[in-house]
Amino acid sequence: MKGLNYKISVIIFLAIAAQVFVGCSESDDNTPNNTTQVEASFAINDSDNLLVGQVITFTNTSTFEGSNINYTWSFGDESQTSSQENPTHIYEELGDYVVTLTASVDSMEDVFSEELILSLTSDIAGRNTLTEELAQLDDKIMICAHRGQHENAPENSLLSITNAINQGVRMVELDVRQTKDGELVLMHDATIDRTSNGSGEIDEMTLQELQQFNLFKDDGTITSEIIPSLREVLTLARGEIYIDIDIDNNKAPYTKVYQLVKQYGMLNQVMFYSSEFADINGLLQLDSNVYAMPIIRNDNDFNSYDNSSLSINIMHYNNTTFISELVSAGKQNGWYIFKNAYVNSDDSPTTDANGQINIVIDLEGDIIQTDYPTQVKNFLMNQNLN
């Protein structure tokens, strides 16, 4: 009897187990299989060269499983959103914009974003490139106002640039440094102590902190001018005046300065000066068409550039190297000759009887950089050389 009961128990157990197994299998088969998946993405042709006013086409490359996909585009400006699959858009102002695409299928959605940099065109109506301007000198001499036209304005100020433009000076030399918050500003010194009514290191202060101070003129008179950002400078100078940006001694990362000048469409209006071969080489590796101006301080410097394959358009000579032999050799290389006259000097055109200008004239230099642009310009104009 016990054996019979045992067999019955085993049979009942196996039957129950079979039912449970079948039930589980049927339940698994009936569980909804949610295969809906979506991944948002898009592409833009030539995304490194997007221009203000240009029609930009966004190519939707999203992938999904399911049906009834919906798209929502935000272009990062004040325009309305778009629900088109492959929209177009025109940006009216230069700047950095974050474009966001949201793709949704049923209850699933995915978001993809990309930052776009919108630049101005380098084609400025009625404006020569620097190369074209130099080619048309026709034995005349261009003047570069050192730190701007600061005879009656603070150096490296917007007013010093405006004064140069109004007086017909064709180029200004400006010094660029980087702030604590990564902005680029004009300032020669590492501190603001000498040139403003504030104090402190440029790279330890934000742009907002720096612009609460006012700039001095050379005679110590306080003005309403404040430390300008490079963005403000490029806005003012575009189409009006050429610029020589001093990036020497690691004042600011040259790659960052280059990118901002490019965004303003002014690479053919601006040259970059450095005494360091590594900076000049780095700039030309970044863009072989950039105007990178080195200085030759001795025969070794001359030979380094003379024997290199670097594309040099303009060469800065100092008092030691500005001699007939090296100037003639530079001209044979196709270099335009850049030379200082009365820069950080105790002499002036008045006290020196224009002696430093005459030295440049005698060796047929092409550009004179000076702290006295008005006097130098007048002297050259009287000799039909400007």
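Residues numbered from 1 in each chain as written. Predicted model: local features only at pLDDT ≥ 70, side-chain atom pairs only at ≥ 80, totals over all residues. Heavy atoms only, no water.

Helix and strand content of the protein chain: 11 helices and 20 strands. The C-alpha atoms of the protein chain give 33 Å as radius of gyration, which overshoots the globular expectation for 386 residues (21 Å, by more than 25%). Each of the three principal axes of the protein chain carries a C-alpha extent, and together these read 135 × 50 × 45 Å. Among the 386 residues that make up the protein chain, the fraction classed as buried is 44%. Excluding contacts between residues fewer than 6 apart, the proportion of contacts in the protein chain whose partners are at least 24 apart in sequence is 60%. Of the roughly 19700 Å² that the protein chain leaves accessible, carbon and sulfur atoms contribute 45%. Within the protein chain, one finds 19 positive and 57 negative side-chain charges whose respective centroids are separated by 3 Å. (Helix = DSSP H or I, 4+ residues; strand = E, 2+ residues; numbered from the N terminus. Rg over C-alpha atoms; globule rule 2.2 N^0.38 Å. Buried < 20%, exposed > 50% of the residue type's maximum accessible area, 1.4 Å probe, protein only. Contact = heavy atoms within 4.5 Å. Areas by Shrake-Rupley, 256 points an atom, 1.4 Å probe, with all protein chains shown as cover. Lys, Arg positive; Asp, Glu negative; His and termini not counted. Charge placed at Lys NZ, Arg CZ, Asp CG, Glu CD.)

Quick look at the pairing of strand E19 (residues 336–340) now. As judged from the four bridges shared by strand E18 (residues 314–317) and E19, these two strands associate in the parallel manner. Paired with methionine 315 across the two strands is isoleucine 337, which belongs to E19. As paired elements, E19 and strand E20 (residues 367–370) share three bridges and run parallel to each other. Across the sheet, lysine 339 pairs through a bridge with isoleucine 368, a residue of E20. What joins E19 to E20 is helix H10 (residues 355–362), and the crossover it makes is right-handed. (Pairing = 2+ DSSP bridges. Right-handed = clockwise from strand over helix to strand, strands pointing away.)

Another aspect to go through is the packing of helix H3 (residues 158–166) against helix H5 (residues 230–237). Axis separation between H3 and H5 bottoms out at 10 Å; the angle between their running directions is 15 degrees. Judged by the inter-axis angle, H3 sits roughly parallel to H5. The crossing of H3 and H5 is right-handed. Two secondary-structure elements touch here, H3 through Leu158, Ile161, Thr162 and Ile165 and H5 through Glu232, Val233 and Leu236. (Axes fitted to C-alpha atoms, helices over the stretch in contact; angles between N-to-C directions. Parallel < 35°, antiparallel > 145°, perpendicular 65-115°, else oblique. Left-handed = near helix turned anticlockwise from the far one by under 90°.)

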